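Listed below are the residues making up each chain.
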Amino acid sequence: MTERKNEFKTAQMADWQRAAQKSAPGGDVGALNWQTPDGISVKPLYTAQDSAHLPHADTLPGFEPFVRGPQATMYAVRPWTIRQYAGFSTAQESNAFYRKALAGGGQGVSVAFDLATHRGYDSDHPRVTGDVGKAGVAIDSVEDMKILFDQIPLDKVSVSMTMNGAVLPVLAGYVVAAQEQGVRQDQLSGTIQNDILKEFMVRNTYIYPPEPSMRIIGDIIEYTAKHMPKFNSISISGYHMQEAGANQALEMALTLADGKEYVKTAVAKGMNVDDFAGRLSFFWAVGMNFYLEIAKMRAARLLWCRIMRGFNAQNPKSLMLRTHCQTSGWSLTEQDPYNNVVRTTVEAMAAVFGGTQSLHTNSFDEAIALPTEFSSRIARNTQLIIQEETHITSVIDPWAGSYMMESLTQEMADKAWAIIEEVEAMGGMTRAVDSGWAKLKIEAAAAQKQARIDSGQDVIVGVNKYKLAKEDPIETRDIDNVAVREGQIEQLRIIKSKRDAKAVQAALEALTFAAGHGGNLLELSIQAMRLRATVGEVSDALEKVFGRHRADTQKVSGVYAAAYDNTANAGDSMEYWNQLKVDIADFAQQQGRRPRVMISKLGQDGHDRGAKVVATAFADLGFDVDIGPLFQTPEECARQAIENDVHAVGVSTLAAGHKTLVPAIIAELQRQGADDIIVFVGGVIPRQDYDMLYEAGVKGIYGPGTPIPVSAKDVLEQIKKSLKS
């Protein structure tokens, strides 16, 4: 009987091959395979033979290797936690938003801090004039923390804080605010991101160099293990890697390698792995590659279990990977933005099918500006509908046993493990980060992706296909950065006038001493913040010993052009690309030099994916390209542009500081006698701000979705006009 069945299946498969050949291009069934950015060939048809040999294919949720989920019953008993990552303007405004979100079905608070706070600056620091309250909430002291969590019971509501650079004063301020609310440390639940290696690769909100930053992580893991048993001491984050351009396998591999490095750091402090590993958590991005995202999350649990077995962990909780997820911000489009509601829903479904423990869904307007209450409610309701209306939660890991998913899970695991072994051969993630290798891998992937979009190979509905003839404006949130900063400065003045200055100074000196001679830095930071030291003062006390990290500015070359040149059936886009290269070569011949541009990031905005991709593409087209260092002031940027004799300065902005910083760079160029240098801007800029920027003197504005060759041609034409006038 079995033999007859097998013969029937073999005959059926042969029939399918013949039928598929009739439809396949050139009769090649292999041409139907989907080649993923991760280098995996996904077949259009999977059978039992593809997954029958896999050791994980017949396992159960809640048991090693946890492929089917870290908990035995998963959502059938308790769905994932609905979180709303938010923070803007003042602590008062953010607190009001959190309370409305919790009343509307949110189940936890996720805090976004402004860039000044991330980088360890108080709001009155001259380097943060355009950043205070813009891309997150401004927090300078315990007083701000107390307002932020006013009427939010911290013994009942879990709090997630995305903080890495200024992690010591921020976590310390949260602990003190909770204590003054009447909540003990051992009652606090939630997560502090505390993932500094990722910052050196992509997000760049670091303060100190890698070595002392790793020491801080070890101190936090040690302190929380002793005093905050319900609190996750670190959230090892792949999210920002994918947002910066990493494909799913690269995101997973580098994140797990980061986690391995953090475990090594804690063990090196003499800690037993089972004393802290159960409170480590992860954070994934979930983008539009639906199958890959589900497979990534299943494969990550498989590999983390393998890694922790390598540390001889015995407690099952030490072996299981628990994760928060956030839908992609990068996949959201400025054009036809209501499409983003659908994108976020698809991504949320992937996170749920992958087995996330908590989830944040992005708002549809986040490619334009900070989310409004209207858009935030839709994002939150997306999760509520999945939880309450679909019955998806009734079945644990419904993808288990899928020929395709089980096979893809293993392929994702194998791809990621090969990268992890490559990292280990370098000596671990700290060295891979310090060498710049990891950052360049991500930037190369980002350039390849952008070239595929710009050439039309990857379809983005409403952007490079099915475009609207006319875009209707939508309501956006705007923050009065000047008013927020003035209010924060006044609050700082009041705090400093009332505190015991000598006691604060002694606490800060104790921190500086401990930085050089030993002692738990979180414990000392809590003492300093309780006395009303500020975030900036605690950061400065450590900087006296550790210094402030300065990143090398590198760019990949040839990657964008190679991806563009290899695009099949590019048609008009390839002709446009080649003609533009000719135009740039003609300019060089006529002017005696190539058009020279400087790509800049102003203020404390460290998100440099766009800047690096633009720099790479412009260079591949034939421009001379300089990249300014991160965190420049307008004055520093203008000085470098003049010294480098550039024709144009391109400002990349993702953190809403453009209304302050872009007019400032134009004014600085004029003040320094270089008003012939043109300024163009790219990034997340609401349409209603365009006129103000043009009036300030900006020559070109290129929002999300603008093909780089189109912006490059416009910049070239603007340079030509400037030279003629």
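Whatever comes next refers back to the structure up there.
Quantities reported herein were computed from a predicted structural model and do not represent experimental measurements. (Residues numbered from 1 in each chain as written. Predicted model: local features only at pLDDT ≥ 70, side-chain atom pairs only at ≥ 80, totals over all residues. Heavy atoms only, no water.)

Describing the packing of aromatic side chains
- As enumerated under the stated definition, the model contains 20 aromatic pairs in all.
- On the basis of an interplanar angle of 35 degrees and a centroid distance of 5.7 Å, the ring pair of Tyr-174 and Phe-231 is categorised as tilted. Residue Tyr-174 is found in helix α5 (residues 167–180), and its partner Phe-231 is found in strand β7 (residues 231–232); the two are separated by 57 residues along the sequence. The exposure classification of Tyr-174 matches that of Phe-231, with both residues buried.
- Here the aromatic rings of Phe-618 and Phe-680 are separated by 6.3 Å at their centres, their planes lie at 15 degrees, and the arrangement is stacked. With Phe-618 in helix α24 (residues 609–621) and Phe-680 in strand β15 (residues 678–683), this pair connects stretches of sequence that are 62 residues apart. Side by side, Phe-618 and Phe-680 carry an identical accessibility label, which is buried.
- Geometry around Phe-631 places Arg-119 over its ring, the cationic atom sitting 3.5 Å from the centre.
- Cation over ring: Arg-306 sits above Trp-417, and NZ or CZ is 4.6 Å from the ring centre. (Phe/Tyr/Trp six-rings, centres within 6.5 Å; stacked < 30°, edge-to-face > 60°. Helix = DSSP H or I, 4+ residues; strand = E, 2+ residues; numbered from the N terminus. Buried < 20%, exposed > 50% of the residue type's maximum accessible area, 1.4 Å probe, protein only. Lys NZ or Arg CZ within 6 Å of the ring centre and 35° of its normal.)

Structural notes on the layout of surface pockets
- Taken as a whole, the second largest pocket encloses approximately 850 Å³ of empty space.
- If you go around the second largest pocket, you meet 28 residues; those closest to its centre are Pro-37, Asn-289, Lys-449, Arg-452 and Asp-458.
- Contributing elements (two or more residues each) for the lining of the second largest pocket: β1 (34–35), α8 (239–243) and α17 (437–454).
- A per-class count over the lining of the second largest pocket returns 10 nonpolar, 12 polar and 6 charged. (1 Å grid on protein atoms, 1.4 Å probe; cavity = no way out; pocket = protein on both sides within 12 Å on 5 of 7 lines; lining within 4 Å. Points joined across faces, edges and corners; volume = space filled by probe spheres on them. Nonpolar A, V, L, I, M, F, W, Y, C, P; charged D, E, K, R; others polar.)

Overview of the sheet that holds β15
- Read across the sheet, 5 strands follow the order β13-β12-β14-β15-β16 without closing on themselves; strand pairing throughout is parallel. In the strand order of this sheet, the two ends are held by β13 (624–627) and β16 (700–702), each with one partner. Between one strand and the next, the sheet's axes are offset by a mean angle of 20 degrees, whatever the strand orientation.
- When strand β12 (residues 596–600) meets strand β14 (residues 648–653), the two strands line up parallel, connected through 4 bridges. Of the residues in β14, the one forming a bridge with Met-598 is Val-649.
- Taken strand by strand, α24 contacts β12, β13, β14 and β15, and its axis lies near 160 degrees from that of β13.
- Relative to β15, helix α28 (residues 708–724) is tilted by about 165 degrees, and along the sheet it contacts β12, β14, β15 and β16. (Pairing = 2+ DSSP bridges. Axes fitted to C-alpha atoms, helices over the stretch in contact; angles between N-to-C directions. Contact = heavy atoms within 4.5 Å.)

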